[in-house]
Amino acid sequence: MKLLRCGPAGAERPAILDQDGRARDISDFVDDITPTSIADAQILARLGSLDTSKLPLVETAVRLGAPIANVGKLIGVGLNYSDHAAESNLPVPKEPILFMKATSAISGPYDDVELPPGAEEVDWEVELGFVIGKRAKAVSLSEALEHVFGYLIVNDVSERCWQARREGQWMKGKSHDTFAPLGPWLVTRDEIVDPQDLRMTLDVSGVRRQNGSTRTMIFGVAYLLHYISQFMTLEIGDIITTGTPPGVGLGMKPPVYLKDGDVMRLTVDGLGHQQQSAIAKQAVR
């Protein structure tokens, strides 16, 4: 299944894609796409058995929100592609580098990305994210993928100065509002045959900046879930975003960062595409 949420921010309605790629309203069968609903086997069985061709069509012009609401944790993985580590002039990590993004950073896949006042180094990162579908604590590597509900695109937007030169941990540069566009769809695990063989791209204002594949991850999805679950319990609906391939603005010589009016377009095989405009926000006086 490909699940999505449609409507104004804070008033999204659940939907599912039909065989022709059209969004169909499923609010008669589930209130919303949340950790509670994806944990309910009866709801999932009901959704999986629907004749989507008979469901109400969603208007094509409607806004898409993040495809899952009420996310508990949003966990990032840094430098998880060897070539991205190289362009960042940092060593390949011996273990996964973990950081948190505030869940208040979550936004829809086509919502504007804010360039905050004082931010001069806002960067892009196309990433594969996965959503926990079964509580995970100290999970073995062999059983790890059984705890994945599905996959989605994440743009791990980052303010590099705040991330690296404002003291403390990376989350300062990772957590501003709109710095975590998700979606457009939450694609169930059965539809992605191999999460370690997905092409991913990101364009900025028509210029291809990232062109990579999950094949070059240092630590794959199964290992990341296994590893993270040794340190914290992963609850249903938590999201792990798995790192980015090379081509970020930080790695260019000289570095190139987002400016007002830039448009980002992201794709990951099987997961659809995102598109956001970067919009400079004025300081509140």
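For the structure given in this document, a descriptive report is provided here.

1. With respect to the pairing of strand S5 (residues 74–78)
Here is step 1: Judged by how many residues are buried, S5 sits mostly within the fold: 5 of 5 residues are covered.
Here is step 2: Of the two faces of S5, the one holding Leu74, Gly76 and Gly78 and the one holding Ile75 and Val77 are both buried throughout.
Here is step 3: Sheet topology note: the S5/strand S17 (residues 239–241) ladder contains 3 bridges and is parallel. Directly across from glycine 76, in S17, lies its bridge partner threonine 241.
Here is step 4: Where S5 lies against strand S6 (residues 97–100), 4 bridges are found, and the strand directions are antiparallel. Pairing of glycine 78 across the sheet is with isoleucine 97, part of S6.

2. What to know about the nonpolar core
Here is step 1: Ile26 and Leu225 are the most contacted members of the largest nonpolar core, which totals 77 residues.
Here is step 2: Here isoleucine 26 is in contact with Leu3, Pro14, Ala15, Ile16, Ile33, Leu47, Leu50 and Leu55, once residues within four sequence places are set aside.

3. Some thoughts on the pairing of strand S16 (residues 207–213)
Here is step 1: Summarising the sheet, strand S15 (residues 199–204) and S16 pair through 6 bridges and their orientation is antiparallel. Looking at S16, one finds that arginine 199 is bridged to serine 213.
Here is step 2: Hairpin connection, S15 to S16: the antiparallel pair is bridged by 2 residues, and serine 205 has positive phi, about 50°.

4. Digging into the pattern of salt bridges
Here is step 1: Counted according to the given criterion, the structure contains 21 salt bridges.
Here is step 2: Two residues, glutamate 121 and arginine 165, come together in a salt bridge whose shortest N-O distance is 2.8 Å. With glutamate 121 in the loop between strand S8 (113–115) and strand S9 (122–123) and arginine 165 in the loop between helix H4 (160–164) and helix H5 (171–174), this residue pair connects regions lying 44 residues apart in the sequence.
Here is step 3: One network of salt bridges, with partners in common, ties together Lys101, Asp123, Glu125, Asp156, Arg160 and Lys174.

5. Quick look at helix H6 (residues 221–228)
Here is step 1: Across the 8 residues of H6, 7 count as buried, placing the element largely inside the fold.
Here is step 2: Considered for burial, the residues of H6 that qualify are Val221, Ala222, Leu224, Leu225, His226, Tyr227 and Ile228.
Here is step 3: Taken together, the buried residues of H6 touch S5, S6, strand S10 (126–132), strand S11 (148–155) and S17.

About the cut-offs
Residues numbered from 1 in each chain as written. Predicted model: local features only at pLDDT ≥ 70, side-chain atom pairs only at ≥ 80, totals over all residues. Heavy atoms only, no water. Buried < 20%, exposed > 50% of the residue type's maximum accessible area, 1.4 Å probe, protein only. Helix = DSSP H or I, 4+ residues; strand = E, 2+ residues; numbered from the N terminus. Pairing = 2+ DSSP bridges. Core = buried A, V, L, I, M, F, W, Y, C linked by side-chain atoms within 4.5 Å. Contact = heavy atoms within 4.5 Å. Salt bridge = Lys/Arg side-chain N within 4 Å of Asp/Glu carboxyl O.

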